[in-house]
Amino acid sequence: MLARCRSAALQGLEARPVIVEVDLAPGLPGIQLVGLPDKAIQESRERVRSALRNSGFRGPLVRVVVNLAPADLRKEGPAFDLPIALALLVASGQLDRPRLNGIWCAGELGLDGSLRTCRGVLAMAEQAFRHGAEALVVPPDNADEAALIDGLTVRTAPNLKQLFEQLNGTRPCLRICRSRPSSVPLPTEPIDASGQAGRALALAAAGGHHLLLVGPPGCGKSRLAHQLPQLLPPLGPEEALTIARIRSVAGEQQDPLEPLRKRPFRAPHHSCSAAALLGGGHNPRPGELSLAHGGVLFLDELAEFQRAVLDQLRQPLEEGVYRLSRARLKTSFPAEITLVAATNPCPCGWHGDRAHGCRCSRSQRQRYWQKLSGPLLDRLDLQLRLERRSATAIRGCLNRKATATQDAWLEPRNITAARQRMTERNPEGVCNRDLTANGLGNHGRFEASALQLWERLVARRRLSTRSGIRLLRVARTVADLNDTDHVSVDAVAEASGFRCADLLQLESTT
Ligand SMILES: [Zn+2]
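In this text the structure is predicted, and so the values were computed from the model without any measurement. Starting afresh in each chain, residues are numbered from 1 along the sequence in its written order. Per-residue local features of the predicted model are confined to residues with pLDDT of at least 70, and side-chain atom pairs are confined, for both listing and counting, to 80 or more; whole-chain, interface and lining totals are unaffected and use all residues. As a convention, hydrogens and water are excluded, and side-chain values are obtained from all of the structure's heavy atoms.

> I'd like a rundown of the sheet that holds strand E11 (residues 211-214), residues and numbers included.
The pairing criterion for strands is at least two bridges between them, as found by DSSP. Secondary structure elements follow DSSP: runs of H or I no shorter than four residues count as helices, runs of E no shorter than two count as strands, and numbering proceeds from the N terminus. Spatially, E12-E15-E18-E11-E19 is the arrangement adopted by the five strands of the open sheet, whose pairing is parallel. On the outer flanks of this sheet lie strand E12 (265-266) and strand E19 (382-385), each paired with one strand and no other. Relative to strand E18 (residues 338-343), strand E15 (residues 296-299) runs parallel, the two being bridged by four bridges. Along E18, the bridge assignment pairs Leu297 with Leu339. Across the sheet, helix H7 (residues 195-207) is in contact with E11 and E19; its angle to E19 comes to roughly 165°. Residue contacts are counted whenever heavy atoms from the two residues lie within 4.5 Å of one another. What counts as an axis is a line fitted to C-alpha atoms, over the stretch in contact for a helix, and the angles between N-to-C directions run from 0 to 180 degrees.

> So what's going on with the packing of aromatic side chains? Which residues, and what values?
A pair of aromatic rings is counted whenever rings of Phe, Tyr or Trp (Trp by its six-membered ring) have centres within 6.5 Å, and the orientation is called stacked for planes under 30 degrees apart, edge-to-face for over 60 and tilted otherwise. Taken as a whole and judged by the stated rule, the model has three aromatic pairs. The lysine or arginine in question, Lys161, covers the ring of Phe57, its NZ or CZ lying 5.4 Å from the ring centre. To sit over a ring, a charge needs its Lys NZ or Arg CZ within 6 Å of the ring centre and within 35 degrees of the ring normal.

> Pulling in residues and values, what's your account of the pattern of salt bridges?
Salt bridge, as applied in this entry: a Lys or Arg side-chain nitrogen positioned within 4 Å of an Asp or Glu carboxyl oxygen. In total, this model carries 22 salt bridges according to the counting rule given. Salt-bridge contacts for Asp483 lead to Arg421; the nearest nitrogen and oxygen are separated by 3.1 Å. You can see Asp483 sitting in the loop between helix H21 (465-481) and helix H22 (489-496) and its partner Arg421 sitting in helix H18 (residues 412-425), a full 62 residues away along the chain. Beyond isolated ion pairs, a larger network of salt bridges with shared partners links Glu14, Glu126 and Arg245.

> Give me the lowdown on the packing of helix H3 (residues 81-91) against helix H6 (residues 160-168), citing residues and values where you can.
Running from N to C, H3 and H6 point in directions that differ by 55°, and their axes come no closer than 12 Å. The pairing of H3 with H6 is recorded here as oblique in orientation. Between H3 and H6 the crossing geometry is right-handed. Packed against H3, whose contacting residues are Leu82, Ala85, Leu86 and Leu89, the element H6 presents Leu160, Leu163, Phe164 and Leu167 at the interface. Classifying every residue of the contact of H3 with H6 by side-chain character gives eight nonpolar, no polar and no charged. Relative orientations are named as follows: roughly parallel for angles under 35 degrees, roughly antiparallel for angles over 145 degrees, roughly perpendicular for angles from 65 to 115 degrees, and oblique for any other angle. Should the near helix be turned anticlockwise from the far one by less than a right angle, the crossing is termed left-handed; should it be turned clockwise, right-handed. When residues are grouped by polarity, Ala, Val, Leu, Ile, Met, Phe, Trp, Tyr, Cys and Pro land in nonpolar, Asp, Glu, Lys and Arg in charged, and all others, Gly among them, in polar.

Now the structure itself:
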């Protein structure tokens, strides 16, 4: 007896249709799996056998061949337990064949027959919907996630026994209706940043600029970085779905509706490997970089990260996508992020602090900045110098919180308006971070006096061409945030205040 059940296999962020075929043939009892299964699927023989027996079904007393087609597609993970078990029930005559018509399913089975969560269900749901599935059957913990796909019928059951009864019609179907996800952003705390720090956050959010925070320990670098996601323009539905899919494939989906309401913030530790940061593995999974897609990737203590790991960030930062190629598979993970990096001004951390003296020699500082500088530092448009906050400043902040007023430029709608202005001005529709030198020349609208100041700054501070262009981009964002059409001298002057790393580099070499 031959039976089939439809499912899907993950490849990167995509799910590919898979047909699970089960054939019962005379011979010694046993289950044989063919069609490029990995180890976890090989183990599914034991899980399926126990789950069937403990749910009150007859286990197979003949030879069983399970084929996962197409055979050239690598399959991974325990999500094929459920389709194998259902196809076995049909093949052994315990479930009527038509009951599985149009049904797609995925899920791991516990030995007691319970249905356990698996990763990548959202991608599978998209694929099932595209192929006109009548219903997708998933474990209860994955049901909300699958229901994010409009128009797909999602069914679930806590265990194999109850699912069998639902399919057989002896128990009412447990359908999951999509609860209208609210796109209202989660309530946020007022932004705790004032002066230049607040400006830097607003500029980073409006222009999409990557941000470098330089300051002594305890000056609030991490506190600032944490506040950036809530300032970014609101998420669109497509973007939110992509974020949800990345989390699901990474196996990190806790609340499937969260990505619709909140941009991600990821802060990997500096000891993390290239695979953990960028994504990788035999059947590649997204890393911290892609988990931050649409939001903020925060690299605290930048100098402690391995240089080789940081160098690999260059390509995805440039292209907004991380490309991976393995022997059998080429895949890519979205990586549109705002990068926030933080570092001490020198190895001891206290260079430039009035109360603490810096203990580093000039050559130590020079080596420190040499190690940091290079392609990654080059991409950080905004460089903000932070001082330790004095008691008076902290008291000031507490007072401001109490009265709940804050600088107008930190209002999300002003930031969104600035973003809109800049994307409408240039024909490519890019934000200021992605403007090329040509783009700046053609659509930047710089006043002559502003360019004169810029030339003087470049000469005096010995800025590289790249740094000089970065300064112009930030000046353009300053003008957008101030709602002015042309870039004035003041905008260039303000932008030049966000190049502290250039100054520290210059200082350590002269
Ligand atoms: Zn020092």
